[in-house]
Structures are given as structure tokens and as C-alpha cells.
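Topology and contacts: notes
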Amino acid sequence: MDAVTLSVTNAALAGVAEEMGTVLVRSASSSNIKERRDCSAALFDATGRMVAQAEHIPVHLGAMPESVAAVIARGPQPGETWILNDPFAGGSHLPDITLVTPLALGGEIRAYACSRAHHSDVGGMVPGSLPAASTSIWQEGLIVPPVRLTEEVEQILLANVRTPEIRRADLAAQVAANRLAERRLAELRLPLDEAFDAVIAYAERRAREAIARLPDGRYEAAGEVELEVDVPIRVAVTVAGDRIEIDFEGTSPAVAANVNAPLAVTRAACIFAVKVALGAEVPVNHGLFAALDIRAPEGSFVDARHPSAVVAGNTETSQRVADTVLLALARASDVPAQGQGTMNNTVIGTSAWTYYETLGGGQGASSRGDGPSGVHVGMSNTLNTPIEALELDFPMRVERYELLDGSGGDGRHRGGDGIVRELRVLEPATLSLVTDRRRHAPQGLEGGGPGRPGRNLVNGEVVPAKATRGLAAGDVVTVETPGGGGWGRLEP
Amino acid sequence: MGGISVGVDVGGTFTDLVALVDGRLVTAKVPSVPGAQASGISAALAAAGLDAAAVGVLAHGTTVATNALLERRGARIALVTTEGFRDVLEIGRQDRASLYDLAAGKPAPLVPRELRFVVRERMGPEGVVVPLDDASVRDAVEAVAGAGVEAVAVCLLFSFLHPEHEQRVGAALRAALPGVRVSLSCELLPEFREYERCSTTVANAYLAPALSAYLEAIEPRPLVMQSSGGVADVATAAARPAACVLSGPAAGVVGAAFVAGLGGLGDVLTFDMGGTSTDVAAVLGGEVQVTAESVVAGVPIRFPMVDVHTIGAGGGSIAWLDEGGALRVGPRSAGARPGPACYGLGGEAPTVTDANLVLGYLADGAVLGGEVTLDRELAERALAQLPVDELSQERPTSSLRDWDLTQRALAAAVGVVRVVDAEMARALRVVSVERGIDPRGLALVAFGGAGPLHACSLAEELGVERVLVPLASGVLSALGLAAADLRRDYVGGSFEAMEAAAARDLPGAETERLVDARYRGQSHELTVVADCWQANLAEEHERRYGFRLDAEPEIVTRRLLATLRRERPSPRNEARSTEPRSRPAFVDGEWLDVPVHGPGAAVIGPAIVELPGSTCLVRPDWAGAPDAAGTLVLERTWTR
């Protein structure tokens, strides 16, 4: 394909995915999708290769091919839409519900539309479906294997969730996004198969050229997720010519907690790290995936199998996989030091209301300058809840919301500072914290110092990284998020 | 008020003027003087042969506030806020600037940490939680006094509901620091969401000194275009400088809406393609679409602003081949200096303007703005640098090496125009399809130096059947200024109080009651007419989001829009059709001898119409004629 048609085709197919994403955000009802944009949309070819993705949130990056493959294996027909959230059959964690629609032009399936959205409740042991203490998948909510989305299936789903009306509206938004792709593809007047091949080949060329510029070698790094004991992650990233292999040999087996990650989540974190190392210009589609080889020991906590609990694998382990791979790649590429490496999930609620928030922290410093303070790093980029909105909606008062001075690591360039957010509950409630980097600090690079680990406190007493407990009226929850690592030795 | 009504738009490169003298449009275009915007106004008046004393109303569009914000050259200011929340301004909404470029910093806050001071106090939804501590107020005032600032912003939590503490802090500051401007968030924007309210208040304090000084120096006293698309007197504009940051783009959209309205069209997409950037917007029912959710230069400003979408591509955008082998246009631009290669000012990179010249759409030897002469040979040389063998779709039988420079440049030019058109179409989809508006029923109003060249092919891409090219397309922003109504926006408090304020500020103005409403549990609002707001909310929700929601609606904020109509210019078409010339142009794969018309002619495509300040390409299957105001109205005669 010539350079002009290629450019126009790239823009057209990316435009279809972006418009799907816009429709999804625009027509969704829940604030988690509408405001926090915890959703993604992508276009696949008839063989299940990803062609284009609307980029909203990195944790969904490249994690949907498994969903489409799982549906294709079951023989979908034109006119159907399939639904799934089973982490062991194409999903990531149960709140992420994925819809896959075969797109038929002229009666034949020519492509697939795929949309994924974080639904703020899918049943299970706690409101919000993000339990801190689950040990098996059944406690985390309703499991939907890949099935046709029929009226009956939707009824079963809605009967199992706490907020069925909002779920129904959000599902309708996902269907609308997928259906839009069919109309847009028909309008494109492009030879579709040729267009898909060209766009994928383009991304693969860009990825391979960028990889070829990295020095060959085997780069190792280690990290951990904090439970009562540490759960180790080991990674070896091998750059060989224009390929990258990422191997998690030596990583812990799955654990009896909810930090296990299915391979699709691990893959998303790896793709994120590679894209950061290669530069933001490299497009994300099957062409990039083709230049990567990702392996993990079967049954390890980064390739968890049924019936492991996985809900925090998506939020916390994905972060640690991403910043461990980035740490390894730091010896081959000019990447920033480690950021806070956690989403600091904070859930406070009763049977009547649920407040869910993730908190930003310090980003790592880089050769280009200091790390930004008080931002989401890695696999999330969602917005905070304004204090005035929070206090109008919930019986809580925010006592403090500031940057934690000096929590970023020292260095020629300083790591970004973490945040302190202090909340007083005005009536009895339940607190659930799923956080990390409370014992282990984000590391600096090139002689830069580590960031300060975070802390969780209730009424001034330290509580662990992962904790669930009751709160009395007047209790104060303080979350201090980690600072980012510094870059470069501090000049004496 | 007697005298001539004049609009003057001071842009980065040119200062444009439109005046209505005895029903006749007088236009002028003079170079802007960097750093001395006001001097461009007198130069433009002189160029138009107008006596400043004869000017009744001078409406002015300015980039002074915009540039101060973009370049972070505003005043040194302080912020006073609630203890425990000093960094709300810096944390923002916690999102990072770029998903994958982790080293990309957030834009620096307009007030650095050492100039953010706190007072001990707390209001909650129900009122006082912690009483205002007088000692902490004294400390804060002393700290501000010692900081040597030109202005100070005050934003305390929940002041939009309970302003008493904020007012007391403001009074203390005003009493102690008579020379320092004090902006209170409860006066400026009594709306919830502390970060956005604080950011708007801070932007206002930050821009106030520069904009006030600038406006004070202009004679005659102008009306100033606000971002909302309405003009205001100097005192109002100087008090709300953050409401003027989109002054320039707003004027263009108002001008386009005005011209479309003269032709009886209320629903249009506006397409303003200039040298380095392109602004697109939607106009529905004759109303410029405004939003209160704009972010300008990384700073949220919650004043109503024209909902304009800007992309960094224009006539000066540079074409290049990326390492994956795709032809790209922009974001790098040749700017005004050295400009496109064909300007002959030393630019060597191939640009969109070079491509339009090589294709014959612009005339070789044409003179732009009285000082630049287009040179086709330079354009060819620049375009031929692109690796043409990668660009050509149908490979000729002879080897490409045998192609001469002209053939290579031609192949490149066709590609550059196709790529830039795809980008423009994408921008137009953002302000239409993505806002729930079907572009197919709308007309496209094309202006700016390069807009009318690309309008027909964009219309084809979007399924739009009608294109309007205003006679004054090169100076449409200035026309928008001459045509704009006086407007003031009020927010918060009761309708009655806001109406009383409007009667005081703009005697005789029409007022409209609006509410920001939502369904309980949602965290986003829609602005709708207050009368029958529930039905309006349901309707708007369906239009924007595609469905109705069976939930309890609630009002979040009350607004009042006050508009004082000004006498509108009614330009007449005085251009007389002249015998067309012709020149070769490359259209749909072949060289055709295409008629070249001046303004005022009825045309059948393919044709070229040369207007003052712009050139229009009428593609095959398009035809049209000027309307009574001189706007060229093109319709698609046949859809392939």
C-alpha cells in the first residue's frame, strides 16, 4: 500500500475505534465509565487480530485479543453480540465486562468490535465487587463465560448485581459502541482485508524498528506484591534484534489472596511497559504484539488459573508487572524511575452507599526532569472525586488532601511527591484498602534515591497494605501514597 | 451611539478590520506588530481610510490573554485557600498529561507552592465546621503582603454555598493591600468542584494586570470579544480576563454563524483553516454552541466558551514520511516565517500551501497579504524531496527515476492534500458526530486563508451537501466582531438576584434563565433552559448521549444569560461578475483547464474562485452562486 493510502487508512481505522470509545463514554450511565473512563473499545479483523484501539486506560491495553479469540472459538454468527467476564476465558477481572460483536458486511463476518467497561458492581461478597479479602473467584461476583448476550442472559446478570438499572444502561452503551463500528466500516469504502493487513504491518514495522534501536541483551529485574509476606515477581527481558521476549520464570505460584493476575492482565502490563520504552508514537495493534513474546510459568501468580481470586491482580499486580518490566528495560532504554506503582484502592461503604476512589502518587523522575507529583502512574489514569462533590453525596468529610512534601526520591532530578488524603466518616461504615508499596519503595535510577513508601492509618494507627475493617462514626482514615524514585546522583 | 461600527481582530500574523460604512463592507488587512497589538488597530484603521473620530463602536478580538496563558507570562500572584488543601490547584484531577510519555510533566500551576497560603477554617455542605481563625487570617495577609504580588486569588472549600469566610478573608486582604487586585471564587464562579473553581479564579487573577493595561491603552474604547461569542465593555472584560482567552476563535465562529444566518441557515459547521492551525465548531439554530468545560493551555476555565476544537494543522503544516512509511502532515509548521517553501523566504520543507500551488489551486505569482509572492518552482522543488516512489499509487510503466521534478512534485502534492483532508474530516467529526450531531443535515462554512480550498472535498467526506464561502472569508473574525451582540453570563444564587445584576450591568438586555441539571448519581451536568427544565434535560440527554434515563433529575447550578442586541451589519453583494480567466488545475487525476472567477460569479465545478484573502476550489459535481450578502453558496449537484 502506498504511503498516502496507508496514512489515510491508519487515520480512518483509528477513527472508528476512537468513535466507538466516544460513544461508549457518552452513552454510559455510571460515573465509573463516564467520568473515570474506565473502559476501552477496539476493532479486530476476522481472524481475531487487533487492528485499532481507543486508548482510555492502559490496563485494557492489548488485553482484549483473548476475549475475541474465546468468542471466535465458539462460532459466533452475524447479528449476535457475545458477553464475557470470566478471567480464565478471555476476561481480566469480573467487574470488567467485555462485549464482542461480529461485524458482517455482505453477510460475511469481516471484523469484530470489542468493548470493555469496568462495571461498578457485579455481585459477590461486597458492594463494588472489589473485596480486599477474597480467596477464590466465586467470592468476587457473577462469572459470565463467553455466551451470546440474550434477553435471558441479561436477566440472569441483572438479578445478580446490586445496581441493575445502571448495569443495563452501561451494557446498552457497550452494544451501541459495537454496533457503530459496523456502520462506520461499511461507510469507509476501503478494501477491508487489505486495509487491516496494511495497518497491522505498519505497526509491526514501527515496533520492530524501535526495538532494533535498543541494545541487544538480557535484562533482569525483580519486584514483589505485598501480602503478609512478599509475593515475588522475577522477570527477564531479552532484546534480540527486532524482537523482545519477556519471561517471568521464577515468579511465585498463585497465592490464596486476590492479587493473582490472569495472563491477559500480565500481557497488558508488559505491552504498556514496552510502549513506554519504545515511545508513544508506536501504534498499538497486533503488529506490536507480534514483535513481543510473553511467557509466564503456568499457574504462577502472573498466569493465574481457575479458581484463583484475581480482582486485585488487575489493579495492583498489573502495576508491579509494568514497573518491574520497566526497571529491566531501564538498562536498554531511557525510561523514568519507578513511580508509586499502586492505585491505592480505597472503598468505604455501608449497605446504603459505596464510595470508591483510587489515589495518585509520585511519578518517577527521568533524564528529562523531575517526576510529576500527585498523578496516576502506570496502568490507571482515572480522575479523582472532587471534595465538594464527595461531601454532598456521602456522610464523610475530607480533612486533608495535599502533596507529601519530600516523599519523592532524591536525585539530580527528584521523584514526584505522593499524596495524603484524610477522610473522617460521619457514620459507621466498612473500610476496604487494596494498596501496595507500603513496605518496599519505588526505586530510583542512575543513582537516584528511592521514593518514600506509602502508609495507611486508621485513627493514627498503621494498618496493612491490604485490609478490611469496620469504622465507627468519627473514625479517620489516612492514606499516604508513595513518592516516585529519583533519577541521577545528587550533586554533592 | 452614532458613527461607524468596526470590528478589528488582532491575530499573531495579521490584523484584520471590517467596517460597515453606509451599508458597504470595508475591509483591511495589515501585518500585526509583535508585542504591540494595539498599534495594529490604528494601522488597520488608517489602511481602511477610516478616521478614528468617526468610529462609533470598535469591537476588538485579542490574543493578549491567550498568549499570556500559553506562554505563562501572566502576573506574579498568590492564592489563599483552606488549611489542608494547599495543593488542590497542583494536584488537579490526578490524571497525568500523557498516558505513555511518563516523563511529560503537567503544565506548571499558575501559582507556585511558595505563593499558596492557607487560613484555618472549614465550611461543609451545612455551613461552618471550623470557625475562621482570625490569627491565621492575619498571618496569611502578612505573608501575601510580603510576597510582592500583583494580584491574589481566594478560594475556600464550600464557598460556593457558604461564602462568609471567603468574604472575610477578601475584606482583610483588600483593607491591607490597597494596590493589589483580589479575586474571590464566590464572586467569580459560585459553583461546586473546588479544583475547577480555584483554577478559574486563579487564571482570572493571573491574567488581570496584563489585559487591563492593554485594554486601557486602546482608543477609541473598544468592546471586547469574550470566549462566549458575545462582546463586553472594557470594564467587564478587564474584571473577567479569563473569560477572554478564546476571544479570537470565538469571533470567527460568530462571523460564520452571522453569514450563514444572513442566508437563512441556522445549522452549520464552521471550518477556519489558517496557516498553523484549524478551528472547527458547530452552530445549531443560529446559536454558537458554548461549553463551560474548556481547558486552555492546561488550565480549566469554567466560563462559557465557544465549543471550538483546534487541531495543529494548516496551510503551513509540513509533510514528512514517518519511519513506518506513512505520509504525515504536521504537527510541525513552517509558520509565517520562513513560511511555506513557495514564499521564497528561506523555507525548504514541503507544506500544504506548496501542494495547493503545485496542483494549480493557488496561482503562481499570486501576492499574499501585500508582501509575499508565491513561487511555484520553489514549491515543486520542496515537494519533490518527498520519497515520491512511496507515494504513487499507480506506478507508471517507465521507471520513476525518469520522472521529472514536476511529475514527482505533482504526485507528492496529491498525497499531501489527501492526508490533510483526512485529518480535517476527523476534526469536523469530533464537533459533530461525537457531540450527537449528524453532519449530513448541516452546511459547512469555510473561511480562513486555506479553508475554502479544502471545503468541497471535506463536505464530500462528511456527506455534507452545502458549502458556504463568505465574501469576507479572509477577515471573517473581524466581521464576527462587528456583528456580535453584547453578552454577560451570570452564575450562582437566585435568578432574581442575577436578573437585578443584569439590569444594572446591561440595561435593556434580554435575559434567559438556564440551569445545569443532571440525574441523581451522575457526576456530569447539561445546561438547559430553566423553563420546563426536566423535559429539556430529558431531550438534551437523549440528543447528547442517545438515550433517556428513568431517574430523579436535580438542578446543580443556576445561570443567567444576558444579551443586548446590537445593530447588525447587512452587507450587500456589490461584486460584479467578470469574464473568467482560466488556468490548469489537477483535479481527480487529470489536468483540466479550469475557469478562474472573481467574487460575485455563479460557478459550476470544476472551477476556482479567487476572493479577497482566500481561494475557493469548486470541485466537480458542485455548483452555486453568491447570495444577497455575497456569500458563495455551493451545492452538491450529484453524489457519485
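See the structure above.
Owing to the predicted nature of the structure, the values given are computational and were not obtained by experimental measurement.

1. Describing the overall build of chain A
When its secondary structure is counted, chain A shows 10 helices and 19 strands. Taking 23 Å as the expected radius of gyration for a compact globule of 492 residues, we find that chain A reaches 22 Å, a close match to that expectation. Once the C-alpha set of chain A is aligned to its principal axes, its extents read approximately 65 × 55 × 40 Å. Expressed as a percentage of its 492 residues, the buried residues of chain A come to 66%. The contacts in chain A between residues at least 6 apart in sequence include a share of 74% that link residues at least 24 apart.

2. Overview of the overall build of chain B
A count of helices and strands for chain B gives 17 helices and 37 strands. In terms of overall size, chain B behaves like a compact globule, its C-alpha atoms giving a radius of gyration of 26 Å where 640 residues would be expected to give roughly 26 Å. By its C-alpha atoms, chain B is 85 × 55 × 55 Å across when sized along the principal axes. Within the span of chain B, comprising 640 residues, buried residues form 52% of the whole. Pairs at least 24 residues apart make up 66% of the contacts formed inside chain B by residues separated by at least 6 positions.

3. Considering the interface of chain A and chain B
Facing the 58 residues of chain A at the interface are 54 residues of chain B. If you list the elements that add at least two residues to the side of chain A that touches chain B, you get α1 (3–27), α2 (31–34), α5 (164–187), α6 (192–212), α7 (263–278), α10 (387–393) and β13 (396–403) of chain A. No other element matches α1(A), which puts 14 residues into the side of chain A that touches chain B. Residues belonging to the side of chain A that touches chain B are distributed by class as follows: 24 nonpolar, 17 polar and 17 charged.

4. Focus on the pairing of strand β22 (residues 327–333) of chain B
Residue and element names in this part refer to chain B. Buried residues dominate β22, accounting for 5 of its 7 residues. The pairing of strand β21 (residues 317–321) with β22 spans 4 bridges and is antiparallel. From the neighbouring strand, A319 faces β22, where its bridge partner is V329. Turn length for the β21-β22 hairpin, with the two strands adjacent in sequence and antiparallel, is 5 residues, and the turn residue G325 shows positive phi of about 85 degrees.

5. Some details on the environment of B:P125
Residues and elements named next belong to chain B. By secondary structure assignment, the location of P125 is in the loop between β7 (122–124) and β8 (127–130). In this structure P125 comes out as partly exposed when scored by C-beta crowding, with 14 C-beta atoms within 10 Å. Note: C-alpha distance between P125 and A502 (377 residues apart in sequence) is 28 Å.

6. Things to note about the sheet that holds strand β15 (residues 429–434) of chain A
Residues and elements named next belong to chain A. If you walk across this open sheet you meet the 4 strands as β12-β11-β15-β18, and the pairing is antiparallel. Looking at which strands have only one partner, the edges of the open sheet turn out to be β12 (354–357) and β18 (466–471). Direction aside, neighbouring strands of the sheet carry axes that sit 10 degrees apart on average. Sheet topology places strand β11 (residues 345–349) next to β15; 5 bridges connect them, and they run antiparallel. Its bridge partner lying in β15, N345 is registered against V434.

Conventions we followed
- Residues numbered from 1 in each chain as written.
- Chains lettered and ligands numbered in written order.
- Predicted model: local features only at pLDDT ≥ 70, side-chain atom pairs only at ≥ 80, totals over all residues.
- Helix = DSSP H or I, 4+ residues; strand = E, 2+ residues; numbered from the N terminus.
- Rg over C-alpha atoms; globule rule 2.2 N^0.38 Å.
- Buried ≥ 20, exposed ≤ 12 C-beta atoms within 10 Å, placed from the backbone.
- Contact = placed C-beta atoms within 7 Å.
- Nonpolar A, V, L, I, M, F, W, Y, C, P; charged D, E, K, R; others polar.
- Pairing = 2+ DSSP bridges.
- Axes fitted to C-alpha atoms, helices over the stretch in contact; angles between N-to-C directions.

Without other data, these values stay purely geometric and don't point to any function.
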